[in-house]
Amino acid sequence: MDPADPERHVAEGLLDAAATELGVDGAELLAAVTDQAPTGLALLDRRLRWCYLNPALAQLTGHPEAQLLGSTVHGRAAETLRRVLSDGRARTVAANSLLPPRGSWQRPLAVLARRLELNGRALGVVLAVTTADLAPDRHDLEHARARLTLLDAAAERIGTTLDIGTTCTELAEFTVPRLADLATIDVLPPDAAVRDSGSGGSVPRLRRTAMAQAPQLSGTPTELARPGESIRYRSGSAAARCLTTGKPVAANQLSPEELATAAADPATLAAYRALGVDSLLEVPLTARGQLIGMLSLARTADTSAGFLDDDVVLVEDLAGRAALSIDNARRYTRSQGIALELQRALLAEPGSPHPNLELASRYLPSGTSSVVGGDWYETVRLPFGRTLLVMGDVMGHGVEAAVDMSSYRSMLRYVASMDLPPHRILRQLDTLISENESSRPATCLLALADPARQRWTLSSAGHLPPALLGEDRPIELLDVPTGPPLGTGLGGYEQTSRELRPGQVLLLYTDGLVERRGEDIDTSLARLAALRLPVGGELDELLDATLHGLAPQAAEDDIALLAARARVRS
């Protein structure tokens, strides 16, 4: 405050006049006013140590003078008070973060902090503490509005992907520091059986999937389990009780002995002690009536009075919503894992061709190798040294597409064993597939190799044209008569023949190799035709060069390749 401020001189004059009128010393009068004021008053020095508090403050907070004097404010409240000292702007401070946690106030407190100045010099901070008496209906309305706002924000930020780790990390980072100083999430592995949330019984082993901690906590204790590690909760701990009952467990303002009982295991206890944790909230993650994991929140002694009933209700609601996103990610991971294993098993090796034909194949799942489609290839040995090459693509992804792919592949082997020409094989397949209304359409390309007669016979059901590669000549995309995809029941397939020369390579592929979103298919095929590939070397090297030249870094569809070359007679 400016010494020349006229308002200051007026105030001092009024105090002196009142003291004279009452016949007392001015300093004594000021002390009596502050001691008997109904508003809690306190003074902190520049180091944020408690230097003075009046009886009203002690009564409002339940903290006697002897408990506060000489102690220092820490945590979030200290950050706010330092800003008050720095810029002189008055600010409100949360009572829970300002005062030690073992106070006994029953009603909400409002704390206003203002910089104390004398002769132009900042001496410290003055605190004024009153009860925050909102009307009950207004308080409930404000509380409900804040809760809905938080849950709306959570809905936007949690569950943005179908990846379990990402979804759990989003949940952990959302709760810190809004609701806790430390958060960990443990989930049953995707391949583990999910128990009913209230079934009780032994505590299952879970896998840590995410953790987050507030910035003011210095370092992450090495004892705390990291994401990816498995963890089993000690029987009788707060976490174990939460899992076996399926209900939230709050443990507040714990003594060291109580914390040792409530902590999940010795390593977690050591971490809690290092961080100063004294309050825990364990909330089950339950989706569709089944327990899938648990959200663990912790608060430190200098930032909170613990988890109140309102906190438990809010976190339980948040956990219930987030659990659905986590469960969706678990189900997706399990489904795609099954489909990928099925696809790999089915495509481990195509059938063996005749010795007069060299063969190489390749299959690349799209994206992160967790999304599987219906791409497939096959070779069938036929009489008189002939080999039938097959490349197919069932529409769609996931388990259903992989199952249909397996079914079509079995049909193809059965029909091909009749030794029909390629176009009649497609007719038979189309008829068989169309008889099942739930079957997915599929494209298919057949290439019958007959080295003895030096002839390729080709027929297509809506598939992309094969590529013919020869030494010292451009890649040729063969013009094959194209009928409708298999499963339409329309038939109308034709075939064509091309000369089969030793040393030439016939390349069959699925659309994931060439097609790009928003690009004309002719442009995509021209990119393939423009490649310069090592025709004379190993076929695996040719496939490597093809993928290097065409396969995108983030493929949107599966890629299957099949290369064949007639052996030169010795």
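Residues numbered from 1 in each chain as written. Predicted model: local features only at pLDDT ≥ 70, side-chain atom pairs only at ≥ 80, totals over all residues. Heavy atoms only, no water.

Caption draft 1: Representation of the overall build of the protein. Broken down by element type, the protein carries 16 helices and 22 strands. Relative to its 570 residues, the protein shows a buried fraction of 45%. Accessible surface for the protein amounts to roughly 27300 Å². Of this, 51% is attributable to carbon and sulfur atoms. (Helix = DSSP H or I, 4+ residues; strand = E, 2+ residues; numbered from the N terminus. Buried < 20%, exposed > 50% of the residue type's maximum accessible area, 1.4 Å probe, protein only. Areas by Shrake-Rupley, 256 points an atom, 1.4 Å probe, with all protein chains shown as cover.)

Caption draft 2: A look at helix H15 (residues 521-529). Turning to H15, its buried residues are Ser524, Leu525 and Leu528. Burial along H15 is one-sided: seen end-on, the buried residues are contained in an arc of 95 degrees. On the buried face of H15, the contacting elements are strand S17 (467-469), strand S18 (476-477), strand S21 (505-509) and helix H16 (539-550). For H15, the N-terminal capping position is held by Asp520, with its side-chain oxygen 2.9 Å away from the main-chain nitrogen of Asp522. (Arc of directions from axis to C-beta. Contact = heavy atoms within 4.5 Å. Polar contact = N/O pair within 3.5 Å; in protein donor to acceptor, adjacent residues only side chain to side chain.)

Caption draft 3: Highlighting the confidence of the model for the protein. Of the residues in the protein, 83% have a pLDDT of 70 or more, and the chain-wide mean is 82. Per-residue pLDDT stays below 50 along residues 6-11; that stretch engages in seven contacts with residues further than four places along the chain or on separate chains. The model gives residues 193-200 a pLDDT under 50, and that stretch makes 26 contacts with residues more than four places away or in other chains. (pLDDT = per-residue confidence, 0-100.)

Caption draft 4: Structural view of the sheet that holds strand S3 (residues 91-93). One open sheet holds the five strands; their spatial order is S2-S1-S5-S4-S3, and the pairing between them is antiparallel. Two strands lie at the open edges of the sheet, namely strand S2 (50-53) and S3, each paired on one side alone. Looking at each pair of strands side by side, their axes are set apart by 30 degrees on average, direction ignored. Pairing of strand S4 (residues 109-118) with strand S5 (residues 121-131), which is carried by 10 bridges, proceeds in the antiparallel orientation. Bridged to Val111 within S5 is Val129. The strands touched by helix H5 (residues 75-87) are strand S1 (40-45), S3, S4 and S5; relative to S3, the strand with the most contacts, the crossing angle is about 160 degrees. (Pairing = 2+ DSSP bridges. Axes fitted to C-alpha atoms, helices over the stretch in contact; angles between N-to-C directions.)

Caption draft 5: Geometry of unusual backbone geometry. Residue Pro177 is bonded to the preceding Val176 through a cis peptide linkage, with omega at 5 degrees. Relative to the assigned elements, Pro177 resides in the loop between helix H8 (164-175) and strand S6 (182-187). Phi is positive for Leu48, which is not a glycine, with a value near 65 degrees. Counting through the fold element by element, Leu48 comes out in the loop between S1 and S2.

Caption draft 6: Quick look at the sheet that holds strand S12 (residues 357-364). In space, the five strands of this open sheet follow the order S12-S22-S21-S17-S18, with antiparallel pairing throughout. What marks the edges here is a single partner per strand, and that holds for S12 and S18. Strand direction decides the pairing type here: S17 and S21, joined by three bridges, are antiparallel. By the bridge assignment, Leu469 is partnered in S21 with Val505. Along the sheet, H16 makes contact with S12, S17, S21 and strand S22 (559-566), crossing S12 at roughly 35 degrees.

Caption draft 7: Representation of the side chain of Glu378. Checked against the element boundaries, Glu378 lands in strand S13 (residues 373-382). At a separation of 3.0 Å, a polar atom in the side chain of Glu378 contacts the side chain of Arg409. For Glu378, the side chain forms a polar contact with the side chain of Arg413, separated by 2.7 Å.

Caption draft 8: Spatial organisation of the pairing of S21. The element S21 is largely enclosed, with a buried count of five among its five residues. Side chains Val505, Leu507 and Tyr509 of S21 all project onto a buried face; the interleaved residues Leu506 and Leu508 project onto the opposite face, where all are buried too. Sheet analysis places S21 next to S22, joined by five bridges and oriented antiparallel. Within the sheet, the bridge partner assigned to Val505 lies in S22 and is Arg565.

Caption draft 9: Highlighting the packing of aromatic side chains. Scanning the entire structure with this criterion turns up zero aromatic pairs. Against the face of Phe174 rests Arg178, its NZ or CZ located 4.1 Å from the ring centre. (Phe/Tyr/Trp six-rings, centres within 6.5 Å; stacked < 30°, edge-to-face > 60°. Lys NZ or Arg CZ within 6 Å of the ring centre and 35° of its normal.)

Caption draft 10: Examining empty space enclosed by the protein more closely. The full count for this structure, using the stated rule, is one cavity of 30 Å³ or more. Around the largest cavity sit 16 residues that line it, and Thr184, Arg208, Thr268, Tyr272 and Ser296 are the ones nearest its centre. Elements supplying a minimum of two residues to the lining of the largest cavity: S6, helix H11 (266-275) and strand S11 (290-300). Examining the composition of the lining of the largest cavity, we find that four residues originate from one element, S11, more than from any other. Of the residues belonging to the lining of the largest cavity, the class tally is 10 nonpolar, three polar and three charged. (1 Å grid on protein atoms, 1.4 Å probe; cavity = no way out; pocket = protein on both sides within 12 Å on 5 of 7 lines; lining within 4 Å. Points joined across faces, edges and corners; volume = space filled by probe spheres on them. Nonpolar A, V, L, I, M, F, W, Y, C, P; charged D, E, K, R; others polar.)

Caption draft 11: Region of interest: the pattern of salt bridges. Per the counting criterion, the structure on display carries 20 salt bridges. The partner of Arg49 in a salt bridge is Asp45, with the nearest N and O atoms 2.9 Å apart. Taking the relative accessible area as the measure of exposure, Arg49 reaches 32% and is therefore partly exposed. Asp45 gets classed as buried once you look at its relative accessible area, which sits at 14%. Measuring nitrogen to oxygen at the nearest pair gives 3.8 Å for the salt bridge that ties Arg440 to Asp404. With Arg440 in the loop between helix H14 (422-434) and strand S15 (442-450) and Asp404 in helix H13 (residues 398-416), the pair connects residues that are 36 residues apart, well separated along the chain. Taking relative accessible area as the criterion, Asp404 reaches 14% and is therefore assigned buried. (Salt bridge = Lys/Arg side-chain N within 4 Å of Asp/Glu carboxyl O.)

Caption draft 12: Region of the structure containing the environment of Ala442. For Ala442, the position within the fold is in strand S15. Given the relative accessible area of 1%, Ala442 is considered buried. C-alpha of Ala442 to C-alpha of His463: the two residues are 21 residues apart in sequence and 8.8 Å apart in space. Filtering out sequence-adjacent residues up to four positions away, Ala442 remains in contact with Asp393, Val394, Tyr408, Ala461, Pro485 and Leu486.

Caption draft 13: Fine view of the nonpolar core. Ile185, Tyr233, Leu285 and Leu297 are the most contacted members of the largest nonpolar core, which totals 64 residues. Tallying contributions element by element places helix H12 (residues 309-346) first for this core, with nine residues. Residues within four places of Ile185 in sequence aside, it is in contact with Cys168, Leu171, Ala172, Arg207, Arg208, Thr209, Ala210, Leu285, Met294 and Leu295. (Core = buried A, V, L, I, M, F, W, Y, C linked by side-chain atoms within 4.5 Å.)

Caption draft 14: Region of interest: the side chain of Thr175. Counting through the fold element by element, Thr175 comes out in helix H8. Setting aside residues no more than four positions away along its own chain, Thr175 makes contact with Ala180, Ala183, Leu297 and Leu318.

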